[in-house]
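Per-entry structural report
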Amino acid sequence: MHDATTQAGEPALGAGTGAKEPLSAGLKQRHLTMLGLGGVIGAGLFVGSGAGIAVAGPGIVLSYLIAGALATLVMRMLGEMSAAIPASGAFSVHAERALGRWAGFSVGWLYWFLLVVVLAVEATGAAQIAHGWVPAVPQWGWVLIFMIVFTVANLSAVKNFGEFEFWFAALKVTAIVLFLALSLLAVFGVLPDTEPVGLTNLTGHGGLLPHGWGGVISGVLAVVFAFGGLEVVTIAAAESDDPARAVGRAVRSAVWRILFFYVGSMLVIVTLLPWSSMQPGKSPYVAVLEHIGVPGAGQIMNIVVFVALLSALNANLYGSSRMVFSLAERGEAPRALLKVSGEAGSGGGVPRRAVLASVAFGFVSVLLNLKWPDSVFLYMLNAVGAVLLFVWGLIAVSQLRLRPRIEREAPGKLTLRMWAFPYLTWAALLAMGGVLVLMLTDDTARPQLLWSAGATGAVLLVAGVRELRARRARRRIPRCRR
C-alpha cells in the first residue's frame, strides 16, 4: 500500500483508499443519516450540559454556538476529504496522504485508544442505570451483558450495527424533539398551569452574561468535547454503496442538527428556568420536565441517557474496529487483524479479528474502571481527555495539505468543499489552539491536557522510531542488490 506514490514522493491519492475495500457495503443512507443524528445527541448533552450552564449562565447558548461552529468546520473538512478519498480509516488515511506514515499511524492509534477507553465509561454508566432498575443483577453483570450483545452485533453483518444505531438514534431524536416541543409550549404559556415566561430568566439573575465573556469561554471548554463522535460517520461511509455521496449528505446536514439539538435545547432551558437554579450533577433536561409537570421526568431521562450510552458504546466499538483494521491494511498494525468474514457482498466482509481486538481492550478498560476508577482508570481517562483536539488538529492540517493536491490531481472528486478555504481552516486551527490554552490555565482541565500530551508524545515517539527504521531499511535495499 505504501509503494504507490506520486513523482514528488507523496502517496498517490487513490492508493489504498478503499477501491478494493474488502469490507461489506451493507450500510444504507438511512443508517448513515441516523448515525449522524445520533452522533450529535449523547449523554454529554443530556447530563453534562449542566456544568456548562453553571459557568456561563444564559451565555451557554453562545458557548454551544462557538463549540458547535468549531465541530461543524472540522466535519466539513473531514467530509471534503472523505468524499474525495473514502476509506475505512477516514482521517487516519487522510493524514498519511497529507503528512506521511507517521501522521497516519499516530492519529489512527490515538483515536483507537480514545474510543476503547471511553467505551468503558459508557458501559459502566449504562450498567449503573440498569442496576438501579434491576438490583438483582450486579453492575459487572450488566457490563458483561452489554459487551457481549454489542460484540455479537459487530461480529455479524455490518447492517446489524446500522440497524442498532438507526433505532437508537431514532429514539434519541424523538426524545429531544418532544422535549423541544413541550418546552416551547411552556415558554409561550400554552401548556396547562403555565404562563408565558418572556425574557425574565434571560435578563434577570445577572443578565445574559452573568460571568461575562470569560464565563462563555469557560462554557466552551465545558461543552466542546460533547461533539466528539461525529467522526464515526466518515468511517462508516466507507461501508456504504456510494461512500462519496453518503458522506456528503451526512456532513451537509450536520449544521442544522447542531443548531437545532444543542443550541435550541440550551435556549429553551435557560429561558424556562433561572440558570442559578440548576443543581450540580442534575440534568437540566430533568429540571425542565419537572418544572413543566411531566410525571416521572427523572426516569424518562434515565431511559434516554441509557439509550444514548448504549448507542455510543456500539458506535465506539464499530469505529475502533474499523480504525485498527485500516491501520493493519497500511502495515501500521498486526496483519492478522486483516481477516474478514466471508465475502463482502454476501453479508460478510466484517473484520472480526479487529472487532475482537478492540472489544478485548474495551473489556480491560471496563475492569480497570470497576476496580480502580479513581486511580489506574482515571489516569487512562486523563490520557485521552484532550486527544480529540489533537485528532481534530491533524484533520485540519491534513485538509490544508490535501485540498491543493486534490484540485491538482483529481478535481472531479471535490464534490463537497470546505467553506472559504483556507481561511476557515486556519480559523478552526486557531480556535483549537485557544481551547488547549484554556485547558492549560484551568486547574480541572490541566491534568487532562498534560496526560493527553504525554500519551500523544509517546505515540509520536513510536511513530518516529518506526519511520527511522523504515528509512534505514530502504537504504539497505540497493546495497543488497549490489
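Residues numbered from 1 in each chain as written. Predicted model: local features only at pLDDT ≥ 70, side-chain atom pairs only at ≥ 80, totals over all residues. Heavy atoms only, no water.

**Structural notes on a nonpolar patch on the surface**
The grouping of Trp-140, Leu-144, Ile-148, Val-152 and Leu-370 at the surface amounts to a nonpolar patch, some 480 Å² of accessible area in total. Tracing the chain through its elements places Trp-140 in helix α6 (residues 139–155). (Patch = residues over 30% accessible without salt bridge, like charges linked within 9 Å, V, L, I, M, F, W, Y side chains within 5 Å. Areas by Shrake-Rupley, 256 points an atom, 1.4 Å probe, with all protein chains shown as cover. Salt bridge = Lys/Arg side-chain N within 4 Å of Asp/Glu carboxyl O. Helix = DSSP H or I, 4+ residues; strand = E, 2+ residues; numbered from the N terminus.)

**Points about the confidence of the model for the protein chain**
Summarising the model, the protein chain shows a mean pLDDT of 84, and 91% of its residues fall at 70 or more. This model gives residues 3–8 a pLDDT under 50, and the stretch forms eleven contacts once residues within four places in sequence are excluded. Below a pLDDT of 50 lies the segment residues 15–19, which in the model reaches ten contacts outside its immediate sequence neighbourhood of four places, other chains included. (pLDDT = per-residue confidence, 0-100. Contact = heavy atoms within 4.5 Å.)

**Some points on the packing of helix α5 (residues 101–133) against helix α15 (residues 352–371)**
Close contact between α5 and α15 brings their axes to 8 Å; oriented N to C, the two are set at 50°. Between α5 and α15, the crossing angle belongs to the class labelled oblique. As α5 packs across α15, the resulting crossing turns out to be right-handed. Counting all contacts with α5, which are made through Trp-112, Phe-113, Val-116, Val-117, Leu-119, Ala-120, Val-121, Ala-123 and Thr-124, the residues of α15 involved are Ala-357, Ser-358, Phe-361, Gly-362, Ser-365, Val-366, Asn-369 and Leu-370. When the residues that make up the contact of α5 with α15 are grouped by side-chain class, the tally is twelve nonpolar, five polar and no charged. (Axes fitted to C-alpha atoms, helices over the stretch in contact; angles between N-to-C directions. Parallel < 35°, antiparallel > 145°, perpendicular 65-115°, else oblique. Left-handed = near helix turned anticlockwise from the far one by under 90°. Nonpolar A, V, L, I, M, F, W, Y, C, P; charged D, E, K, R; others polar.)

**Some remarks on the environment of Gly-207**
Its location among the elements puts Gly-207 in the loop between α8 (200–203) and α9 (212–223). Linking Gly-207 and Ala-103, residues 104 residues apart in sequence, is a C-alpha distance of 46 Å. Among residues more than four places away in sequence, those in contact with Gly-207 are Pro-58 and Leu-202.

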